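The lines below spell out each chain.
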Amino acid sequence: MRPVPVVGIGADGWAGLTDTARAELIAADVVVGSARQLALLPASVAPERVPYPSPLVEGLPGLLDAHAGRAVVVLASGDPMFFGIGATLARLLGPERLRVLPHVSSVTLACARLGWPAEDVETVSLVGRPLAALTAALAPGRRVLVLSADAGTPARVAALLTERGYGASRVTVLGDLGAATESRHDGTAAGWTGAGPMPALNIVAVTCADVPDAEPPGWASGLADGAYESDGQLTKQEVRAVTLAKLAPLPGELLWDVGAGSGSVAIEWLRVHPSCRAVAVERDPVRADRVRRNADALGVPRLRVVTGSAPDALHGLPAPAAVFVGGGVTGAGVVETCWDALAPGGRLVANAVTVESEAAVATWRARLGGDLVRVSVQRASPVGGFTGWRPLMPVTIWTARKEREQ
C-alpha cells in the first residue's frame, strides 16, 4: 500500500519546499490541506485540492477512504510531527503508512529570530486548547513560546500574564515567519492593550518577569494549601506530598482521583508531566465545579471531572495506572471497583482519617497486601503571645501495588 506523504510547508510557500517535497505534490492526484496551505501552491500544481474536513479528527478517515486508490498528499504547517497533523495521521493510519517531509517549524524560526537556545524554551500550543494551559509554564525568568490559535491569541495571552502577576513580562509577537510579510511586535503584557491587529499566523514569545508581590506555585508535589480554592475538603500539603510520592506518577499514565474534594491530588499528578492524564470523580456538583476552577488556575485544564458517586461513576472510565481514594474508602464496592480496574503493576493509594476508614484500609491490606503509613503533622501557630504546635488530624495511607501477571 502506497505511503501517504505528509509535506510540511511554511509561510514562504512553494519557494521554501525541497525538490523532494515538490515532486510529491506534483505527482499527487489529491492534495489535502487547510485553505491557507492550499493557497500557497502555485496554479501549475494541478492535483485536486481538498480542504481539511471539519471536525478534523472525526472527518479524516472518511476523507481518506473517499480517495482510496488515489495518490494523496497531506499538507501540514511547518513540522507535521510537532503539534501537527502528522501525529493525528500516525494514530489513524499507523506510522508505517506515512512518509513525513518536515519543514522548519515555527518554533525553530522563532528561536532563530530571538536568539533563544531552543533547549531552554518551553513551548505551549493554544491551538484547540484552553488558554489556562499556559499557566503551568509560567515561572520567573522562564522563556515560553506560545503557538497561537488566531490573531486574538496575543491579547488573550497578555491578559492572562497580567492576571497571574506577570504583567511586566516581555512579549514579542512574530507574524508570518519566513514569509515576505514577516512582522514583529514587542511590548509588555500589561501594556499590550491597543497594540493593534496581529497577523492571523503568529507565535507569541514570552520572557516571564519576576513576581515580587506573589509567590508562584512551585513544580514539586505539595503545593501550599492556599493555592487551592477549598471548602475544607482538601488533602493537606504535607500529606499530599507523601500521597503523590506513593502514587509514583510516570509520563503518560492515567490517575483516578476518587472523592476528589478540591482536586489537589489529580491536579498535582497532572503537573508532574504534560502527558500525564487524570480523572477526578466527585459526587458534589459544587465541589466538582471547584475542582475545574482549581485545575484552570494551576494550568492543567485537561483534567477530566466526572460528577457522580463511586463506584457507579467509575464504570466506563478508561483503565487507570493508579487510583487515589481520598474519600469513600468505606463505601460499598468502591475499593473493589478501583482494584479490579487497575492494570497489572498499577498502584492504589487510600487515605484514612477516621476510625472507620482506618479499619477499612486495615482490612483491605490484610486481603491485598501493601503497606500502611501514618502521617502526623503539626504546624506552629500563635498561642497568646507565644508560639505553639497545633496538630492536624493524623492520616493513615495505605498503598498497594497490583502484581504483574507471570
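Cut-offs used in this document
- Residues numbered from 1 in each chain as written.
- Predicted model: local features only at pLDDT ≥ 70, side-chain atom pairs only at ≥ 80, totals over all residues.
- Heavy atoms only, no water.
- Pairing = 2+ DSSP bridges.
- Helix = DSSP H or I, 4+ residues; strand = E, 2+ residues; numbered from the N terminus.
- Right-handed = clockwise from strand over helix to strand, strands pointing away.
- Buried < 20%, exposed > 50% of the residue type's maximum accessible area, 1.4 Å probe, protein only.
- Arc of directions from axis to C-beta.
- 1 Å grid on protein atoms, 1.4 Å probe; cavity = no way out; pocket = protein on both sides within 12 Å on 5 of 7 lines; lining within 4 Å.
- Points joined across faces, edges and corners; volume = space filled by probe spheres on them.
- Nonpolar A, V, L, I, M, F, W, Y, C, P; charged D, E, K, R; others polar.
- Salt bridge = Lys/Arg side-chain N within 4 Å of Asp/Glu carboxyl O.
- Axes fitted to C-alpha atoms, helices over the stretch in contact; angles between N-to-C directions.
- Parallel < 35°, antiparallel > 145°, perpendicular 65-115°, else oblique.
- Left-handed = near helix turned anticlockwise from the far one by under 90°.
- Contact = heavy atoms within 4.5 Å.
- Core = buried A, V, L, I, M, F, W, Y, C linked by side-chain atoms within 4.5 Å.

A. The arrangement of the pairing of strand β13 (residues 304–307) in detail. Note: strand β12 (residues 277–282) against β13, four bridges, orientation parallel. Pairing of E282 across the sheet is with T307, part of β13. In this fold, the crossover linking β12 to β13 by way of helix α9 (residues 285–297) has right-handed handedness.

B. Just helix α6 (residues 153–163), in detail. Every buried residue belonging to α6 is among T153, P154, V157, A158, L160 and L161, and all of these are buried. Mapping the buried residues of α6 onto a view down its axis gives an arc of 165°, with all of them on the same face. Following α6 by one or two positions, G165 has its phi on the positive side, about 95°.

C. Region of interest: the layout of surface pockets. Reported here for the largest pocket is a volume of approximately 1200 Å³. Considering the residues around the largest pocket, the lining is formed by 40 residues, among which Q37, S77, F83, G84 and V127 are closest to the centre. Where the lining of the largest pocket is concerned, the elements lending two or more residues are α2 (35–39), α3 (56–66), β4 (72–77), α4 (85–93), α5 (106–114), β8 (170–175) and β10 (202–207). For the lining of the second largest pocket, the elements supplying multiple residues, two or more each, are β11 (254–258), α8 (264–270), β12, β14 (322–325) and β15 (347–352). A class-by-class count of the residues in the lining of the second largest pocket yields 18 nonpolar, 17 polar and five charged.

D. Main features of unusual backbone geometry. Residue S54 is joined to P55 through a cis peptide bond whose omega torsion reads 0°. Cis geometry is adopted by the peptide bond preceding P311, which originates at A310 and carries an omega value of 10°. Here P311 shows up in the loop between β13 and β14. The phi dihedral of F83 is positive, around 55°, even though this residue is not glycine.

E. Highlighting the pattern of salt bridges. Taken as a whole and judged by the stated rule, the model has 18 salt bridges. Among the ionic pairs, R293 bridges to E229, the shortest N-O distance being 2.6 Å. Residue R293 is found in helix α9, and its partner E229 is found in the loop between β10 and α7 (237–247); the two are separated by 64 residues along the sequence. Between D231 and R290 there is a salt bridge, with its nearest N and O atoms 3.5 Å apart. Residue D231 is found in the loop between β10 and α7, and its partner R290 is found in helix α9; the two are separated by 59 residues along the sequence. Using a relative accessible area of 11% as the deciding quantity, one classes R290 as buried. Taken together, the shared-partner salt bridges in this structure form one network comprising D225, E238, R240, E268 and R379.

F. Fine view of the packing of α3 against α4. Two elements in contact, α3 and α4, have axes separated by 11 Å at closest approach and are oriented at 60°. By the criterion of interaxial angle, the relationship of α3 to α4 is oblique. For the pair α3 and α4, the sense of crossing is right-handed. Between α3 and α4, the residues in contact are L56, V57, L60, P61 and L64 and I85, T88, L89, L92 and L93, respectively.

G. Representation of empty space enclosed by the protein. Scanning the entire structure with this criterion turns up one cavity of 30 Å³ or more. Considering only enclosed or pocket space, the largest cavity measures out at about 30 Å³ in volume. Partitioned by chemical class, the residues of the lining of the largest cavity number three nonpolar, one polar and two charged.

H. Looking closely at the nonpolar core. In this structure, L247, L255, I267, W269, L270, A278 and L303 are the most contacted members of the largest nonpolar core, which totals 30 residues. Those elements that provide at least two residues to this core are α7, α8, β12, α9, β14 and β19 (395–401). With five residues, α8 is the single largest residue contributor to this core. Grouped together as the second largest cluster of nonpolar side chains are 24 residues, W256, V323, V329 and A400 included.

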